[in-house]
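A closer look at the structure
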Amino acid sequence: MNERISVDRLACILCPIGCELEIRRTDRGLDVQGQQCEKGIGFATEEVLYPKRNLATSVPVKGSETRLVSVRLSDRVPREMIFPILAEIEKLRPEAPVRRGQVLIADVLGTGVDVIATRTIGSERSPRSDP
Amino acid sequence: MKDDIFPLYDVVVIGGGPAGLAAALGARRAGAGDVLILERERRLGGILNQCIHDGFGLFLYNETITGPEYAERLAADVDREGIRAETGAMVLDLTAGRLLRVNSRSGYRLLRAKSVVLAMGCRERTRDMIEIPGTRPAGIFTAGSAQNLVNLQNIRIGNEAVILGSGDIGLIMARRLTFEGMAVKGVFELLPWTSGLERNVRQCLLDFGIPLELSSTVVEVRGRDRVSGVVVARVDEALRPVPGSEREVKCDTLLLSVGLIPENELSKRAGVELSPLTGGAVVDETFMTSVPGIFSCGNVLQIHDVADFASHEGFAAGAFAARFARGELPAGDKVRLCPGRNVRYCLPQTARTGTAGLDLSFRVTRPLRSCRVTAVGRNSGKTYFGKKYGRLLPSELQRVSIRPAIEEDLEVACHE
């Protein structure tokens with residue numbers, strides 16, 4: 001039997017520990033080693049077959065160029081969706097007030113994932129809360 | 001002038017970032033009554049506010065959130081506990097007697113504290129500190145200041161960037177600038193290894209095909225009014241540029257991500273002893289500095305790669321500060337914890353004899369594989385701690401717990 005084996009090495013990016021994973025791709029599937037927690041196996045499988053990422057950016061609130069609300073996705077999306085989603089987010093001009101966790105775009109580009117605010121913005125510019 | 005006319009707090013925390021907010025919570029939960037946070041910015045959260053990327057909170061909240069979310073949650077906890085947090089309040093001076101001079105929204109005032117927790121964070125190293133020759137045009141930013149301009153002020157900082165140094169903020173900014181439509185021409189790192197976390201190399205550089213060149217540096221900045229390019233060169237083992245390896249990379253922006261320095265100006269004013277290895281205070285097992293009643297935690301104590309760990313340190317330091325404020329002074333002789341082979345530093349630097357279950361953090365000097373970390377008694381040769389690691393990187397701050405009661409000076413070493 002001549003089994004085809006390819007080995008990938010990659011750092012898990014699910015948390016800052018960054019376990020170094022070794023993934024053997026055999027005819028029978030994937031064999032993952034080096035993870036310090038069970039999430040590593042899922043990550044490695046996903047990373048080799050269909051990598052996913054979250055993304056973060058910030059957009060100005062309506063009527064202001066300098067008051068920004070930072071946003072992220074409610075869950076990770078396939079990596080190739082990053083730039084199409086960024087283009088959608090760029091059109092956003094949310095109206096203040098915005099609260100942390102508020103959905104700004106639901107189901108962005110049909111990914112099943114929402115664009116959500118990651119900070120709270122008051123209804124008026126107040127010296128207490130703005131940077 | 002007699003000091004006792006000024007208001008006296010149990011615990012005053014200087015700095016309202018991930019460490020300071022946690023320190024205030026730690027102090028309150030350990031029973032401190034009057035806890036005050038002094039934050040010079042107009043918002044609590046410190047550097048978290050500009051760190052809009054995700055990856056925070058995994059240890060504290062058991063989920064991955066962004067910096068602003070982490071800050072808001074921690075600040076909400078502080079609020080819920082009824083802790084007073086004063087923003088726009090800058091501490092101008094701190095004495096060894098724990099008298100603070102503060103410039104606040106309501107004007108200049110003085111106050112006293114039974115305990116002070118230092119949580120001022122850190123600063124970035126600048127071009128001056130690494131001495132890059134060349135012209136002095138516009139377009140050179142530290143990675144963190146670029147992060148502030150882009151993420152908080154909506155300013156486009158340029159079109160084509162080169163990043164010097166592979167610190168985490170530089171890697172994060174490589175991705176951020178790519179998102180903003182800038183071309184990132186490359187990341188150049190002096191050392192033969194990256195100084196940022198593996199996950200950031202992968203998701204910030206590899207994902208976008210941004211080249212990473214190790215053992216290389218910027219040897220010249222070009223451009224008159226604005227940066228027009230930088231000259232990069234390979235370096236040899238002694239980190240000296242290799243003649244003949246120079247090449248120009250055209251760019252209009254240079255980002256520096258070349259290290260962080262604990263911001264200890266106030267600590268120095270109070271006479272706190274600093275460690276040349278960490279740039280932060282020398283502390284004991286209670287995070288107390290050489291000045292009684294002054295504690296230190298977070299990036300002002302040692303540079304962390306994860307905000308959660310800065311908070312973890314804050315919780316502990318705050319709790320010890322609360323005890324000190326109640327007059328519970330730790331007793332016992334002090335022993336020293338010293339870095340040995342392949343260990344750049346370990347912290348705390350001292351501990352009282354009889355301390356058991358000590359949380360020790362350390363960094364290694366270079367990447368190590370299949371190694372064993374030990375803490376060995378200098379007198380008895382007894383092994384207090386031993387653990388095997390598959391891999392250790394200088395970019396990763398390690399934390400371990402030394403279970404047995406410590407009775408002598410220890411040397412922390414890493415053997416390959």
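Residues numbered from 1 in each chain as written. Chains lettered and ligands numbered in written order. Predicted model: local features only at pLDDT ≥ 70, side-chain atom pairs only at ≥ 80, totals over all residues.

Some thoughts on the overall build of chain B
In plain terms, the rule: To qualify as a helix, a DSSP run of H or I must reach at least 4 residues; to qualify as a strand, a run of E must reach at least 2; elements of each kind are numbered from the N terminus.
Across its full length, chain B holds eight helices and 27 strands. Seen through its C-alpha atoms, chain B measures out along the principal axes to roughly 65 × 60 × 40 Å.

A closer look at the overall build of chain A
So the rule is basically this: The burial label depends on the number of other C-beta atoms within 10 Å of a residue's C-beta. Counts of 20 or more mean buried, 12 or fewer mean exposed, and intermediate counts mean partly exposed, with C-beta atoms placed from the backbone.
When helices and strands are counted, chain A shows two helices and nine strands. The proportion of buried residues among the 131 residues of chain A is 31%.

Focus on the domain arrangement of chain A
To keep things clear, this is the line we draw: For each domain, the first and last residues come from an automatic or database assignment.
For chain A, the assigned domains read domain 1 (6-49) and domain 2 (56-117). Inter-centroid distance (C-alpha atoms) of domain 1 of chain A to domain 2 of chain A is 30 Å.

Some points on the nonpolar core
The tendency in soluble globular proteins is for nonpolar side chains to be buried as a group. All names here are of chain B. This is how the line gets drawn: Only buried Ala, Val, Leu, Ile, Met, Phe, Trp, Tyr and Cys residues enter a nonpolar core, and they are joined through C-beta atoms within 7 Å. A pair of residues counts as a contact when their C-beta atoms, built from backbone coordinates, are separated by no more than 7 Å.
The biggest cluster of nonpolar side chains holds 112 residues, and the ones touching the most others in it are V11, I14, V117, L118 and F295. Among the elements that line this core, the one with the most residues is helix α8 (residues 307-325), at twelve residues. In contact with F295, not counting residues within four places along its chain, are S115, V116, V117, L118, F287, M288, T289, A317, F320 and A321. Among the nonpolar cores identified, the runner-up in size contains 34 residues, and V150, L177, V230 and C251 belong to it.

Description of the pairing of strand β24 (residues 368-377) of chain B
All names here are of chain B. Inclusion rule: Two strands make a pair as long as DSSP finds a minimum of two bridges between them.
As paired elements, β24 and strand β25 (residues 383-392) share eight bridges and run antiparallel to each other. Note on β25: the bridge partner recorded for L368 is L392. What sits between the antiparallel neighbours β24 and β25 is a turn of five residues, in which G381 has the positive phi angle 75°. Two strands pair when backbone bridges link them, and β24 and strand β27 (residues 410-415) are joined in this way by six bridges, in the antiparallel orientation.

As for the sheet that holds strand β13 (residues 212-213) of chain B
Residue and element names in this part refer to chain B. Worth spelling out the cut-off: Axis lines are fitted to C-alpha atoms, over the contacting stretch for helices. Their N-to-C directions set the angle, which ranges from 0 to 180 degrees.
Spatial ordering of the open sheet is given by β10-β17-β11-β12-β13, a layout of five strands whose pairing is parallel. Strands at the two margins of the open sheet, each flanked by one partner only, are β10 (140-142) and β13. Where β10 and strand β17 (residues 253-256) come together, three bridges link them in parallel fashion. The residue of β17 that forms the bridge with I140 is L254. This element, helix α5 (residues 168-179), spans β11 (160-164), β12 (183-188) and β17 of the sheet and lies at about 165° to β12.

Observations regarding the sheet that holds strand β21 (residues 343-347) of chain B
Residue and element names in this part refer to chain B. One open sheet holds the three strands; their spatial order is β21-β23-β26, and the pairing between them is antiparallel. Of all the strands in the sheet, just β21 and β26 (398-402) have a single pairing partner and so form its edges. Between one strand and the next, the sheet's axes are offset by a mean angle of 30°, whatever the strand orientation. Bridging between β21 and strand β23 (residues 358-364) involves four bridges; their strand directions are antiparallel. What sits directly across from V343, in β23, is V364.

Digging into helix α1 (residues 18-29) of chain B
Residue and element names in this part refer to chain B. Going by this rule: Working rule for helices: expected span equals 1.5 Å times residues minus one.
A rise of 1.5 Å per residue sets the reference length of α1, with its twelve residues, at 16 Å; its end C-alpha atoms lie 17 Å apart and thus fit the reference within 8%. Of the residues making up α1, those classed as buried are P18, A19, G20, L21, A22, A23, A24, L25, G26, A27 and R28. Along its buried surface, α1 packs onto β1 (8-14), β2 (35-38), α2 (67-80), β8 (107-118) and α8. G31 lies just past α1 and shows a positive phi near 105°.

Overview of the interface of chain A and chain B
Heads up, the rule is: Amino acids are sorted into nonpolar (Ala, Val, Leu, Ile, Met, Phe, Trp, Tyr, Cys and Pro), charged (Asp, Glu, Lys and Arg) and polar (every other residue, Gly among them).
On the chain B side, the residues contacting the 29 residues of chain A number 27 residues. Looking at the side of chain A that touches chain B, the elements that each hand over two or more residues are β1 (6-11), β5 (56-60) and β6 (68-73) of chain A. Examining the composition of the side of chain A that touches chain B, we find that four residues originate from one element, β5(A), more than from any other. Grouping the amino acids of the side of chain A that touches chain B by side-chain chemistry returns eleven nonpolar, nine polar and nine charged.

Side note on the pairing of strand β3 (residues 29-33) of chain A
All names here are of chain A. Here strand β2 (residues 20-26) runs beside β3; their pairing, made up of five bridges, is antiparallel. Across the sheet, R24 pairs through a bridge with D31, a residue of β3. The antiparallel pairing of β2 with β3 creates a hairpin that spans two residues between the two strands.

What to know about the packing of α1(B) against α2(B)
All names here are of chain B. Worth spelling out the cut-off: Comment on the angle field: the value is read as roughly parallel under 35 degrees, roughly antiparallel over 145, roughly perpendicular from 65 to 115, and oblique elsewhere. Crossings are assigned a handedness: left-handed for a near helix turned anticlockwise from the far helix by less than a right angle, right-handed for a clockwise turn.
Contact pair α1 / α2: the axes reach a minimum separation of 9 Å and the direction vectors enclose 25°. Taken as axis vectors, α1 and α2 run roughly parallel relative to one another. Considering only the axes of α1 and α2, their crossing is left-handed. Counted together, P18, L21, A22, A24 and L25 of α1 and Y70, L74, A75, D77 and V78 of α2 form the full contact between these two elements. Here the residues of the contact of α1 with α2 are counted per class, giving nine nonpolar, no polar and one charged.

A closer look at the domain arrangement of chain B
Residues and elements named next belong to chain B. Split into domains, chain B comes out as domain 1 (1-124 + 260-330), domain 2 (126-258) and domain 3 (332-416). Taken over C-alpha atoms, the centre of domain 1 sits 32 Å from the centre of domain 2. Listed as interface residues are six residues of domain 1 and, on the opposing side, eleven residues of domain 2. Classifying every residue of the side of domain 1 that touches domain 2 by side-chain character gives one nonpolar, three polar and two charged.

Points about unusual backbone geometry
A:P97 follows A:A96 through a cis peptide bond whose omega is 0°. At the junction of B:L347 and B:P348, the peptide bond is cis and its omega measures out at 5° in the coordinates. Among the structural elements, B:P348 can be located in the loop between β21 and β22 (350-352). In this structure, A:L109 is a non-glycine residue whose phi angle is positive, near 50°. The phi dihedral of B:N342 falls on the positive side, at around 65°, and the residue is not glycine. Tracing the sequence through the fold places B:N342 in the loop between β20 (334-339) and β21. By C-beta crowding, B:N342 is classed as partly exposed, having 19 other C-beta atoms within 10 Å.

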